[in-house]
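Each chain, letter by letter, is given below.
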Amino acid sequence: MVILSEGGVWLKSADVKPGDTLKILSEGEWVENQKFSYEDGSPKKDFIVRVVHSDQEKNWRVNGMNRQAVKSMYGNDTSFWIGKTIKVTTEQMLVAGKRMKVVCVIKVDKDGKEISWDE
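Residues numbered from 1 in each chain as written. Predicted model: local features only at pLDDT ≥ 70, side-chain atom pairs only at ≥ 80, totals over all residues. Heavy atoms only, no water.

## Structural notes on unusual backbone geometry
This is how the line gets drawn: Helix and strand assignments follow DSSP, with helices taken as H or I runs no shorter than four residues and strands as E runs no shorter than two, numbered in order from the N terminus.
A positive phi is found at Ser54, a non-glycine position, where the angle reads about 50°. Position of Ser54 relative to the elements: it lies in the loop between strand 3 (43-53) and strand 4 (56-62).

## A word on the packing of aromatic side chains
Rules: Pairing of aromatic rings covers Phe, Tyr and Trp, the last counted by its six-membered ring, and requires centre-to-centre distances within 6.5 Å; plane angles under 30 degrees mean stacked, over 60 mean edge-to-face, and any other angle means tilted. Burial classes follow relative accessibility: with a 1.4 Å probe on protein chains only, a residue under 20% of its type's maximum area counts as buried, one over 50% as exposed, and anything between as partly exposed. Two limits define a charge over a ring: the Lys NZ or Arg CZ must be within 6 Å of the ring centre, and within 35 degrees of the ring normal.
Scanning the model with the defined rule gives two aromatic pairs in all. Look at Trp30 and Phe47: their rings are 5.2 Å apart centre to centre, the planes differ by 50°, and that puts the pair in the tilted class. Separated by 17 residues along the polypeptide, Trp30 in strand 2 (residues 29-37) and Phe47 in strand 3 bring together distant segments of the chain. Residue class for Trp30 comes out partly exposed when judged on its relative accessible area of 48%. Relative accessible area serves as the criterion here: at 6%, Phe47 is assigned to the buried category. On the numbers, 6.4 Å between centres and 85° between planes, the contact of Phe47 with Trp81 is edge-to-face. With Phe47 in strand 3 and Trp81 in the loop between helix 1 (64-74) and strand 5 (85-95), this pair connects stretches of sequence that are 34 residues apart. Neither residue differs from the other here; Phe47 and Trp81 are each classed as buried. Among the aromatic residues, ring-to-ring pairing joins Trp30, Phe47 and Trp81 into one connected group. Over the ring of Trp10 we find Arg61, and its NZ or CZ is 4.6 Å from the ring centre.

As structure tokens, this is what we get:
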């Protein structure tokens, strides 16, 4: 059994180049964040998926924006994501009030053609 919330190799934005691909290996799981909590003290939860990036297995903390992008391409049932390949890039975004480089899913159609977020 793998405990995703501890250690391991993580997908980092510094390692991602525009147009890189990730192959999804697991349906993911919700894991309590050990570092951040809500104002009421309850722990935040992260959605963690196991992927292959640059021929290496890594854990990927999938934010809400990326969950919605993958969901729009492959559906609500994350077990159907297993074996799928997604294209990613990085963007500068505000995260907790700080500008950070983050991994972003590039939405594509069934033929692999990039599509806009509003389609």
